[in-house]
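Structural features, examined
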Amino acid sequence: MNGDRDDEHSDHDERRPSASELDFWTFVELANHRLATEYGFRHQLATEVLLTLNRASNIVTYDLEAAVHRPRGLSWSGFRLLFVTWLAGPLEPKNAAVLTGMSRAAVSNLAKTLVADGLLDRSPDARDGRSVRLSLTSRGHSEMVEVFRTHNEREHEWTSVLTGTEQRILVMLLNKLITNRHQFDVRGRN
């Protein structure tokens with residue numbers, strides 16, 4: 001009887017792909033199977049949704065940074081801060097933190113680098129002498145117009161596999177996911 005159990009166990013091991021054989025999708029399948037059968041977790045679809053969302057975000061972000069921003073000497077974070085300052089600025093660092101999803105400390109440190117690079121200007125806030133305002137320099141403005149042209153074409157390449165309707169549905173679903181986070185104690189910067 002013990003031999004039957006060992007055979008059953010070895011058959012189970014043979015059906016499970018080795019780590020070197022896994023790709024992202026077979027890993028998700030394996031993870032969901034094991035989480036349900038070995039550990040009794042019930043929300044496999046939730047796991048799959050968030051693993052996929054995180055994976056998609058990481059892949060797209062890395063591609064945009066590597067293909068568009070790094071060749072121009074910008075990081076993804078640097079681009080995000082310049083982008084919100086370009087379109088919503090001038091603004092206080094705390095507002096920049098909210099719009100970029102970064103911490104105030106990250107915005108402050110990044111602003112120093114972008115000021116030194118001649119892309120961003122920090123000036124005292126006329127209404128509140130204790131605060132500063134971030135704005136693009138003329139060089140920063142020109143750079144953003146130029147870099148966003150390339151960035152936007154790359155965005156289009158990514159999203160062109162979806163119809164316009166599918167893109168709007170995806171945005172709607174992601175907005176629903178984000179705006180309903182008040183239903184539990186979400187931790188985050190904003």
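Residues numbered from 1 in each chain as written. Predicted model: local features only at pLDDT ≥ 70, side-chain atom pairs only at ≥ 80, totals over all residues. Heavy atoms only, no water.

1. Brief notes about the overall build of the protein chain
Looking only at helices and strands, the protein chain features eight helices and two strands. Walking the protein chain from its N terminus toward its C terminus, one meets helices and strands in the order α-α-α-α-α-α-β-β-α-α. Looking at the protein chain as a whole, 24% of its 190 residues are labelled buried. If you sum the accessible surface of the protein chain, you get close to 13,400 Å²; carbon and sulfur atoms cover 54% of it. (Helix = DSSP H or I, 4+ residues; strand = E, 2+ residues; numbered from the N terminus. Buried < 20%, exposed > 50% of the residue type's maximum accessible area, 1.4 Å probe, protein only. Areas by Shrake-Rupley, 256 points an atom, 1.4 Å probe, with all protein chains shown as cover.)

2. Some details on unusual backbone geometry
With glycine set apart, most residues show a phi of negative sign, and most peptide bonds adopt trans. Here the amide bond leading from G89 into P90 is cis, since omega sits at -5°, within 30 degrees of zero. Locating P90 in the fold gives a position in the loop between helix 4 (76-88) and helix 5 (93-100).

3. So, the pairing of strand 2 (residues 132-136)
Burial analysis of strand 2 places five of its five residues in the buried class, the great majority of the element. Residues V132, L134 and L136 of strand 2 are buried on one face, and the alternating residues R133 and S135, pointing to the opposite face, are buried as well. By the bridge criterion, five bridges tie strand 1 (residues 120-124) to strand 2 in an arrangement that is antiparallel. The residue of strand 2 that forms the bridge with S123 is R133. (Pairing = 2+ DSSP bridges.)

4. What about the pattern of salt bridges?
A complete count under the given rule lists nine salt bridges for this structure. In this structure, R72 and E146 form a salt bridge, with 2.9 Å as the shortest nitrogen-oxygen distance. Taken together, the positions of R72 in the loop between helix 3 (44-69) and helix 4 and E146 in helix 7 (residues 138-159) put the pair 74 residues apart, joining distant regions of the chain. The partly exposed category is assigned to E146, whose relative accessible area is 42%. In the salt-bridge network here, residues are joined through shared partners; they are R16, R34 and E38. (Salt bridge = Lys/Arg side-chain N within 4 Å of Asp/Glu carboxyl O.)

5. A few points about the confidence of the model for the protein chain
Residues of the protein chain with pLDDT of at least 70 account for 88%, and the chain-wide mean is 89. Across the protein chain, element-level confidence peaks in helix 7 with a mean pLDDT of 98 and bottoms out in helix 1 (residues 2-15) with 48. Predicted confidence is poor over residues 1-13, with pLDDT under 50, and the contacts of this stretch with residues over four places away or in other chains come to zero contacts. (pLDDT = per-residue confidence, 0-100. Contact = heavy atoms within 4.5 Å.)

6. Some words on the nonpolar core
Judged by nonpolar contacts, the single largest core of 23 residues is most densely connected at L81, L82, V107, L114, L120 and L134. At the level of elements, helix 3, helix 4, helix 5, helix 6 (104-116), strand 2 and helix 7 are the ones that each hand at least two residues to this core. Per-element accounting of this core gives the leading share, five residues, to helix 4. Discounting chain neighbours no more than four positions away, the residues touching V107 are L81, P93, A96, A97, T100, M102 and L134. (Core = buried A, V, L, I, M, F, W, Y, C linked by side-chain atoms within 4.5 Å.)

7. Some details on the environment of F24
Along the chain, the position of F24 falls in helix 2 (residues 24-37). The class for F24 is buried, based on a relative accessible area of 14%. Taking the C-alpha atoms as reference, F24 lies 9.4 Å from L51; in sequence the two are 27 residues apart.

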